[in-house]
Structures are given as C-alpha cells and as structure tokens.
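Below, each chain spelled out in residue letters.
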Amino acid sequence: FDNPNYSSIFNNQNVGRNTKQSMLKFSNFGNAKNKNGTFDAGGGKLVAYVTDIEGNFNYWNRYLQNSKLLTRYKSNEFENYGNLDFKVNNAHLVYGGDVCDRGSGDLRFLRDLLSLKDRYPDRVHFIMGNRDINKLRLPFSMLHNGGVYWLPQLESPSDSIPHRLQWLLSRTMGCPHSFEFRRSELQSLRSRQRSEVCVGDDEVVDSFLSLVDPQQPQPADLKGEFAGLLLKYLEVAKIALVVGDVLFVHGAVNDDNMRKLPPSRSCSEWQSADNLMDWVDAINAWATDEVRDYRANIAGYLKEMRAGKVSCWDPVGGFDHPQPSSRLLQYGMGWMADKSVVPTVIYKSYLSTKGHVAPPSRAVAEWLRASGVRRIAVGHQPQGDAPLVLDNHGLQVISADTSYAKSVEWPRQQLAALLSREPSLHTSKYDVHDVWVPYHLSDLCNNEESNAENNEKCSPFDSRGEQVTIEVVFSFAAETNSSRCFIYGRLSQTSSFAFEIPPSEVNPYIGKMTSSGWVVKAYGVQAPPSAASSSSRTHAAPLAVEVDQIKGLALQTDSLEDIVRYAEMLHHHYHHFSHHSSCDDSDRLVSVENTRNTTNSGDVIAHRNNRNINEFEGKNNKECYYLLQWNEGHNFKSCLVHEKDIYEHFL
C-alpha cells in the first residue's frame, strides 16, 4: 500500500492464474525468514487475516468472493474446494484458528487451507485454536465411558459409539449440530459420484476420528482424501506468530499469561521468557513437540487403553497425564480440574468476567511494544458483525471473530439518546414494542401478530446470517516493517464499510469507549437505504442514530486501489485531527471540534489541508457513519452515528 506503483501490482492479471503446464508462481516475494513463528515482512507484504470460520463453508465462499487477496480459481458442482490462489504476488494469509464444528464444511475448508499451504508454504500461516486442539481428545474419549472433569455431574451415554460421539461433541465441545453437519457434508461429497446411498452413523464416526487418527479408516468412497487433515493442520500451525509489528494469537495476551511457558515433557514446572520473541519461539517449539508426541504415540496408547492398562485424560485433566499431547489439551482449556485458571493465550479474550470489553493493561502493552509489536490480531471470542478494535496504551487489538453476527441487535427507532446510557438487554420475544431487534427479525417484529413459531423460522443454525462478510488486511512498509490495517466488508443489516485504523498516536475514536461503555468499532459505514429514506419512522429498522442529515464520505467500490486511496484520504483526515502526535487527549478533541465544519452547500464535511477530498466528492456521496457497539457476552447492541455527531458522544 505504501508503494507508489501499487496499481500495477494490484491490477496484475497474471498472478495466480493456471497455465496448461503448471501454476504460475513468483519468486520475488521478499526474503522471508521464518523461525518458529517470526518472519520478516519486508518488501511491501499484504497479509489477509481471517479467523474462526468453524466449518461454515457458505461464509468462507462469501469471504473468497469479496476478498481482495484470495480467490477460488476454479469452481463447479463437483470441484468447489482445494483450489485457492492469491490474487497478488506479495500476499500472505494468516488463519487465526478454529477450523471445525459449526457448519457443514469442515472437510472442504481444511482441504482449502492445506492445499494453499502446500503450494505456498512460506506465505500461508496457521494459528492453533481451542476447537482444533480439543479434537485430539476424540480417539481416547471414544474408548472412555465416563465424563469429563469440567462437567463431572454429567453422565455420558454408553449404549452406542455414535451416541457417545454425539454426546462428546454436543456437551463437551460446544458443537451440538456438528454430527449432522458432517453427515450432510459427507452426503454432498458422495453426490459427486452420483451415489444416492445415505451416509450412516458409523461413517460419520469414522470421518471424525480419521481427521486426527491416520490409522482410522474413512468412508470407502472418499478414498482417504481427508484422512489426517486436522492433524496435518496442527503439525504446521503455531500458537503465536509475529509478522512485522503485528502479533497473532487465537485468544488474548493478558497479565496472567504473558511470558509464561507451560510444562513440557522435559520440565514439569511453568517457565518464563522475558522477551516476546523468545517466548514466541519457545511456545511454538513446545506445541510442535506436543503434536509430534501425539502422532508418535497415539497407536500404542490406544492399544493399552483397550487392554485396560492406561487411563483417559478426560476425567482428571492436568499437564502431567501420560496420554499423548495431554499438555497441549490442557493448554487449550480455560481452567484446571481444581477450578484454577490456565494461563493460556488460546482460551482467553478481551472481555471481562461480566462480558464487557476489557482492553489489555499497560503492563501487557509495554511488554509487547518493547519487542516492536504495535498491534495484536486475535479471534476466539465472537464480536458481533464487525471486528472489535481496541486502542489503549499505544497497543491496538483487532478481534475478528464474527461467528455470532446474526445475533447483533439494532435500534428500531431513531433515538439519539440511546448512546447516553447502557442499553436494556431484555428482548425476550422481539415483539413490536422492543427497541432492539436483530435485523433478520425486523420485518417480523413489525407484525403485531408475530408468534413464537414464526420467530423460530428466523433462527436457523447459521449464526452468521447471509449478509456479513469481513476482510482484515495488514500492509507492511518495505523499509520499516511497520503495519497499516484496513478493514472492510458488510454488516448484518447490509451496510458496507471500509476504513483504515489510524496509528495510536493520531487515532481520535476507533477502538475507544464512551463513558457509558459503547465502543467505536468502525468508520466509513454507509447507512442502508432504509436509514436515509425517512427520519420520522417509528418501525422497521432505521439502524442509525442521527441528529442532522448531511452528505459525507463512504466507500462504494470493489477496487483495492480505491480502498487504498480512500484510506489515504482518511489518514490525512485523522492526521489533521491531531496535528501534533504528542498532544494530549484534550488538545486532540479541541482539534477535532475546530475542524468539524460544513460547507455552505452542505455537500461534504470540509477538512482543512485535505487535498484528496475532491477525488471522492460526488463519487462517494453517501451518508457516512461510525459503528458503535455495546457488549455483554454474546449479546451485542449496535448503532450507527453520523460522522458529524460522533464528537458529541466524547465530550
């Protein structure tokens, strides 16, 4: 993005295209140095970050259709996976973990990721998620008829192997529909061979076990195509990855887990690494050793379990159990059998115990910044329909799990006072009197005769819905390895958006909180057509909190070049807000107030010294809003605030 000749790179029509003889590849993508999770992102790299797909193949394909860096180069009824490529020759992919569980695309999504990794081993990077690690339990758990240590009161069924697996998935792994999702996917794969034979329970069981046990047979018609794929993913995945000034982990780095290294096969005590880079190298080497232990010893341990000579890890847990990879299993959990908290970066998030946003502490920020890290990209915890951005103590967090996007609730009326307090969370039946309602239920709620049966029809298993698509892209300067972060996509109520997160030193609003707990998540949001049609509606879903109507700037384009130009304009805009990076917060807000003026015609917001604004005048003359959200666990309230009015909420 910093390259003045970027247009020639972004518009290269030959990159990633097949020739008749071979795939056209490039050798000039920089001198990447990879040592257990750290590589030099010089040469102007572009890194696409996506996380927590969780087997939702519909969302994954929607992501690919909208991605500026990835594409599916061939797709038809019988070949719609395993055929990805990069659109540009300097692109990388970081997948943030949690491959499986909540959609009918586990197998195909794994094949997509690993096929791309096979072709571009230095440009595709995987992070371990808790849903990936916990599948290493399955071969052993299936031989154990008891419960698990975190749910000691539950009795597991022992009447059949399929029922045992269904219980494990539903009650101990948080994926109650996964068994039937897998059956559906296997049936879809079988249809490629024009077979109408129904997939049986035993075949579903074999499919789950074969992902992590290479000796487990697969359904015969799959011919071993997906055998061991999840184990292969874990063998090349890392717990932490540093790219330039960005750290990637699945969950969070906080005061409890920073510096800490878990017990290993050679040391039964927790260790500590003072330097971030040393910690990254050490914890990735530890994780690799755990997966090797699993592959080397799974067959022998299962044989001894069947003979009654050894026990299962499930009912007792711990870092010292002899079951292969037991230490990695425990590190992927949130707590021990004695209820003590595991200091893990996998099963953590930037939410408090009450479910509210909890940014990293100053100590965490200083530890990361001491090693050159200015941003941390995470997943694990659902954050509504757009990534949660936090900006505190010079450290920015981008939390990009949108797996519960469909549950985001929007205001049904134009109520500017909504942001002055915490929203009411009680929306039991979504009737006509509710202020907050998920967008997909807005039409239903306008009908006073709505009933529970109709509400149920609005709640299919896909918790993302059909609208949301998000892409996070990091670009890295060739000389300094410093990053810029662009986020763009579409919200659950159909608004598109695109913006760049300004550096902490010149960032007035993004990732900041109002006094009542609302977080500013995004800028450059285009209000949906219904929001601009009438300011006097009292029903439907206006979705925007607004005081006046003026024309602003928003992005309506699929061009990566236009996104760059738009972000450049915003960069000048933000830089002018805080004309000196050393000014304190009060000076910065005064600067915002002094530049918040409109032209006589009211066409655009005028920003002094903004030479790029005329390029967007007329072309992108839609209303432009900030996206604000209020969190409590998986309960999300969102609304749009016009850019003209955002300052009022920070007075």
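Residues numbered from 1 in each chain as written. Predicted model: local features only at pLDDT ≥ 70, side-chain atom pairs only at ≥ 80, totals over all residues. Heavy atoms only, no water.

## Re the overall build of the protein
Along the backbone of the protein there are 18 helices and 24 strands. When burial is assessed residue by residue, the protein has 58% of its 651 residues classed as buried. For the protein, restricting intrachain contacts to residue pairs at least 6 apart in sequence, the fraction spanning at least 24 positions comes to 69%. Accessible area for the protein stands at about 26100 Å²; split by element, carbon and sulfur atoms hold 47% of it. (Helix = DSSP H or I, 4+ residues; strand = E, 2+ residues; numbered from the N terminus. Buried < 20%, exposed > 50% of the residue type's maximum accessible area, 1.4 Å probe, protein only. Contact = heavy atoms within 4.5 Å. Areas by Shrake-Rupley, 256 points an atom, 1.4 Å probe, with all protein chains shown as cover.)

## Structural notes on unusual backbone geometry
Positive phi is not limited to glycine here, since glutamate 54 has a value of about 55°. Within the element layout of this structure, glutamate 54 appears in the loop between strand 2 (46–50) and helix 2 (57–66).

## Regarding empty space enclosed by the protein
The full count for this structure, using the stated rule, is seven cavities of 30 Å³ or more. The computed volume of the second largest cavity comes to approximately 70 Å³. Along its surface, the second largest cavity is lined by Tyr49, Val50, Thr51, Tyr59, Ala400, Thr402, Arg464, Ile470 and Val472. Those elements giving two or more residues to the lining of the second largest cavity turn out to be strand 2 and strand 16 (469–476). The class makeup of the residues in the lining of the second largest cavity is six nonpolar, two polar and one charged. (1 Å grid on protein atoms, 1.4 Å probe; cavity = no way out; pocket = protein on both sides within 12 Å on 5 of 7 lines; lining within 4 Å. Points joined across faces, edges and corners; volume = space filled by probe spheres on them. Nonpolar A, V, L, I, M, F, W, Y, C, P; charged D, E, K, R; others polar.)

## Digging into the packing of helix 9 (residues 229–236) against helix 10 (residues 276–306)
Taken N-terminus to C-terminus, the directions of helix 9 and helix 10 make an angle of 145°; their axes are 8 Å apart at the nearest point. For the pair helix 9 and helix 10, the crossing hand works out as left-handed. Along its contact with helix 9, which presents Leu231, Lys232, Leu234 and Glu235, the element helix 10 presents Val291, Tyr294 and Arg295. Classifying every residue of the contact of helix 9 with helix 10 gives four nonpolar, no polar and three charged. (Axes fitted to C-alpha atoms, helices over the stretch in contact; angles between N-to-C directions. Left-handed = near helix turned anticlockwise from the far one by under 90°.)

## Quick look at the pairing of strand 19 (residues 519–526)
Each regular strand carries side chains that alternate between the two faces of the sheet. With respect to burial, strand 19 is a largely interior element, eight of its eight residues being buried. For strand 19 and strand 23 (residues 624–632), the ladder comprises five bridges, and the chain directions are antiparallel. By the bridge assignment for strand 23, valine 519 is matched with glutamine 629. (Pairing = 2+ DSSP bridges.)

## Regarding the environment of leucine 247
Its location among the elements puts leucine 247 in strand 8 (residues 246–249). For leucine 247, a relative accessible area of 0% puts it in the buried group. When sequence neighbours within four positions are dropped, the list of residues in contact with leucine 247 reads Ala240, Leu241, Val242, Val253, Leu276, Val280, Leu368, Val373, Arg375, Ile376 and Ala377.

## Concerning the pairing of strand 24 (residues 635–642)
Summarising burial for strand 24: seven of the eight residues are buried, a large majority. Bridge analysis of strand 23 against strand 24 gives eight bridges, and the strand direction is antiparallel. Note that in strand 24 the partner of glutamate 632 across the bridge is asparagine 635.

## A look at helix 7 (residues 178–191)
For helix 7, built from 14 residues, the straight-helix expectation of 20 Å at 1.5 Å per residue is met to within 8% by its first-to-last C-alpha distance of 20 Å. All of the buried residues along helix 7 are Ser178, Phe179, Phe181, Arg182, Arg183, Glu185, Leu186, Leu189 and Arg190. Against the buried residues of helix 7 lie helix 3 (106–119), helix 6 (161–172) and helix 8 (201–210). (Expected span 1.5 Å × (residues − 1).)

## Looking at the confidence of the model for the protein
Model confidence for the protein is summarised by a mean pLDDT of 75, while 68% of its residues fall at 70 or above. The lowest-confidence element of the protein is strand 22 (residues 605–606), averaging 28 in pLDDT; the highest-confidence one is strand 6 (residues 124–126), averaging 98. (pLDDT = per-residue confidence, 0-100.)

## Description of the layout of surface pockets
Its volume calculated, the largest pocket comes out at about 740 Å³. Around the largest pocket sit 35 residues that line it, and Asn130, Arg131, Trp335, Tyr347 and His380 are the ones nearest its centre. For the lining of the largest pocket, the secondary structure elements donating two or more residues are helix 4 (130–133) and helix 6. The dominant element in the lining of the largest pocket, judged by the number of residues it contributes, is helix 4, at three residues. Class assignment of the residues belonging to the lining of the largest pocket gives a composition of eleven nonpolar, 15 polar and nine charged.

## A look at the side chain of serine 483
On the secondary structure map, serine 483 appears in strand 17 (residues 483–490). A polar atom in the side chain of serine 483 sits 2.7 Å from the side chain of aspartate 245. Residues in contact with serine 483, not counting those within four places in the same chain, are Asp245, Val246, Arg375, Ser475 and Phe476. (Polar contact = N/O pair within 3.5 Å; in protein donor to acceptor, adjacent residues only side chain to side chain.)

## Focus: the nonpolar core
Formed by 163 residues in total, the largest nonpolar core has its most connected members in Leu247, Phe248, Trp279 and Phe474. Residue contributions to this core peak at twelve residues, all from helix 10. Tryptophan 279 has contacts with Ala240, Arg259, Lys260, Leu261, Ala273, Tyr331, Val345 and Trp367, leaving out every residue within four places of it along the chain. (Core = buried A, V, L, I, M, F, W, Y, C linked by side-chain atoms within 4.5 Å.)

## Here's the deal with the environment of histidine 92
The residue histidine 92 is located in strand 5 (residues 91–95) in this model. Residue histidine 92 is classed as buried on the basis of its relative accessible area of 1%. Along the chain, histidine 92 and arginine 123 lie 31 residues apart, while their C-alpha atoms are 4.6 Å from each other.

## Some details on the packing of aromatic side chains
Enumeration according to the criterion identifies 19 aromatic pairs in this entry. Their ring planes at 70° and their centres at 4.9 Å tell us that tryptophan 60 and phenylalanine 109 sit as a pair that is edge-to-face. Note that tryptophan 60 is positioned in helix 2 and phenylalanine 109 in helix 3, a separation of 49 residues in sequence. We classify tryptophan 60 as buried; its relative accessible area is 0%. On the numbers, 5.3 Å between centres and 65° between planes, the contact of phenylalanine 86 with tyrosine 120 is edge-to-face. Taken together, the positions of phenylalanine 86 in strand 4 (residues 84–86) and tyrosine 120 in the loop between helix 3 and strand 6 put the pair 34 residues apart, joining distant regions of the chain. Accessibility expressed as a relative area gives 6% for tyrosine 120, which makes it buried. (Phe/Tyr/Trp six-rings, centres within 6.5 Å; stacked < 30°, edge-to-face > 60°.)

## Considering the packing of helix 6 against helix 7
Between helix 6 and helix 7, the least distance of the axes is 9 Å, while the angle of their chain directions is 115°. Contacts between helix 6 and helix 7 pair Pro162, Leu165, Gln166 and Leu169 from the former with Ser178, Phe179 and Glu180 from the latter. A per-class count over the contact of helix 6 with helix 7 returns four nonpolar, two polar and one charged.

## Looking at the pattern of salt bridges
If you walk through the whole model with that rule in mind, you get 19 salt bridges. Its salt-bridge partner being arginine 72, residue aspartate 112 comes within 2.8 Å of it at the nearest N-O pair. Note that aspartate 112 is positioned in helix 3 and arginine 72 in strand 3 (residues 70–72), a separation of 40 residues in sequence. A relative accessible area of 0% places aspartate 112 in the buried class. Accessibility expressed as a relative area gives 14% for arginine 72, which makes it buried. Sharing partners across several salt bridges, the network here consists of Glu54, Asp101, Arg102, Arg131 and Lys135. (Salt bridge = Lys/Arg side-chain N within 4 Å of Asp/Glu carboxyl O.)

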